[in-house]
Amino acid sequence: MLLINPANAEYGGTLSRFTPLSLPMSIGCLVAQLKSHGHEAKIIDEEVGKLTWENLDEAVEGLPRPYVFGITVLTAQVARTFELSALLKAKYPDCTVVVGGYHATAVPEEQLSVDTIDFVVRGEGERTLLALYEAIRGGAKDFSHIDGLSFRKDGQIAHTPEAPLIKDLDVLPPFPYGLFVDMLKKTKSRSSYDWGFIMTSRGCPYKCSYC
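Cut-off values and rules
- Residues numbered from 1 in each chain as written.
- Predicted model: local features only at pLDDT ≥ 70, side-chain atom pairs only at ≥ 80, totals over all residues.
- Heavy atoms only, no water.
- Helix = DSSP H or I, 4+ residues; strand = E, 2+ residues; numbered from the N terminus.
- Rg over C-alpha atoms; globule rule 2.2 N^0.38 Å.
- Buried < 20%, exposed > 50% of the residue type's maximum accessible area, 1.4 Å probe, protein only.
- Areas by Shrake-Rupley, 256 points an atom, 1.4 Å probe, with all protein chains shown as cover.
- Lys, Arg positive; Asp, Glu negative; His and termini not counted.
- Charge placed at Lys NZ, Arg CZ, Asp CG, Glu CD.
- Pairing = 2+ DSSP bridges.
- Right-handed = clockwise from strand over helix to strand, strands pointing away.

A. Representation of the overall build of the chain in the model. Each helix and strand in the chain was counted, giving seven helices and seven strands. Computed over the C-alpha atoms, the radius of gyration of the chain is 17 Å, within 12% of the 17 Å expected from 2.2 N^0.38 for a compact globule of 211 residues. Overall, the C-alpha framework of the chain stretches about 50 × 40 × 35 Å when taken along its three principal axes. Counting over 211 residues, the chain shows a buried share of 45%. Taken as a whole, the chain presents about 11400 Å² of accessible surface, with 56% of it coming from carbon and sulfur. The centroid of the 21 positive side-chain charges in the chain is displaced by 2 Å from the centroid of its 26 negative side-chain charges.

What follows is the structure, given as structure tokens:
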């Protein structure tokens, strides 16, 4: 599986001197979970290298077909997410496109109104995405048993029950810093991460109407 952090432009410009480039923690945690269960998984961070028609084949090299792509979505990245999903489906028509993250969790119907997006993972993604990926690889046609998932079924958008929060974060695998080091080397990026970034909490248990 290829996990993608979309960006409208590569990180840089005047503000780059004052704003450190943070690690995309979400896709890092997800790829670590997939790899810890024996699945091939890679990352692309568009902050340091754009994904294009020309470099897609290189990005998915070594991954099993049909390809499965995962895109994390913040509100500022929605337009780029739609562009990427169209690019991926045009390049590999038999691929599966999964989106997740804060924005996708808040408005899964919006994401699934785009026909190049197949699934929305809502809330914490580690367990839901792993279950979805293994179901896809196993040839499943029914995904209603996977909590925290939204998808199209019989022309309608279906939502499974909310997945429970992961109470003990120590059950999750270590963050894969090495994969990001390798990606920077491969893309020959002039940017570098601030390796001091950490996560001290996860998400929010509330459902305030304004959020």
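B. Seen up close, the pairing of strand E4 (residues 96–100). Taking burial as the measure, the five residues of E4 include five buried ones, the bulk of the element. Residues Thr-96, Val-98 and Gly-100 line one face of E4 and the alternating positions Val-97 and Val-99 line the opposite face, and both faces are buried. Bridge analysis of strand E3 (residues 68–72) against E4 gives five bridges, and the strand direction is parallel. Bridging across to E4, Val-68 finds its partner in Thr-96. Following the backbone out of E3, through helix H3 (residues 78–91) and into the adjacent parallel E4, one traces a crossover that is right-handed. Bridge analysis of E4 against strand E5 (residues 119–121) gives three bridges, and the strand direction is parallel. Looking across to E5, one finds that Val-98 is bridged to Phe-119.

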